[in-house]
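Here is how the chains run, residue by residue.
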Amino acid sequence: HFSRFYTDEDRANGKPMRALSISASEGRYEERGIRVRKDGSCFRAHVIIDAIRDPDGSIVGYAKVTRDVSDAWAQEQALRASEQRCRLRLLGLHRAGELGQQHLTRLDAAIGDADHGANLQRGMTAVVAQLDAQPPATVRERVVVEGVIA
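So, here's what we can say about the structure. (Residues numbered from 1 in each chain as written. Predicted model: local features only at pLDDT ≥ 70, side-chain atom pairs only at ≥ 80, totals over all residues. Heavy atoms only, no water.)

As for the side chain of histidine 46
Residue position: histidine 46 is located in strand S2 (residues 42-53). Owing to a relative accessible area of 10%, histidine 46 belongs among the buried residues under this scheme. There is a polar contact of 2.7 Å between the side chain of histidine 46 and the side chain of glutamate 30. (Helix = DSSP H or I, 4+ residues; strand = E, 2+ residues; numbered from the N terminus. Buried < 20%, exposed > 50% of the residue type's maximum accessible area, 1.4 Å probe, protein only. Polar contact = N/O pair within 3.5 Å; in protein donor to acceptor, adjacent residues only side chain to side chain.)

Re the nonpolar core
Counting nine residues, the largest nonpolar core is built from Phe2, Tyr6, Ala19, Leu20, Tyr29, Phe43, Ala45, Val47 and Ile49. Elements with a contribution of two residues or more to this core: helix H2 (15-26) and S2. Here this core gets four residues from one element, more than from any other, and that element is S2. In contact with alanine 19, not counting residues within four places along its chain, are Tyr6, Tyr29 and Ile49. (Core = buried A, V, L, I, M, F, W, Y, C linked by side-chain atoms within 4.5 Å. Contact = heavy atoms within 4.5 Å.)

By themselves, these are just geometric observations and shouldn't be taken as functional.
See the structure below:
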């Protein structure tokens, strides 16, 4: 009986008889799943079961074609895994780009702050130099007028 090509679990769940029932009612049953070889090993299969009818429309038998698609299935799984790795790499590059942009923005701000700080330091150095070079009253008046000391 053709049910010997099904796994024990599928036989216990009535899958072989359901396949025949669907084939009888719809004319064809098609499925991809696990099947069992004569030696007991399992394989990925593409199964088609066609109902064969006589001229009166009565079922006289079934034509069953089982193709071993294990290699194609393995290649498909490898392709999916490769696609997933590519997606993760692209996502990682995208995130790295976002982080890089954040760091560049912070670096630009730090450089701007450093430039501002350097300008302040140069200004304060100039004020100190003026304080050292001129009498205190003159420098103090100049600083107040320029708005450095309020």
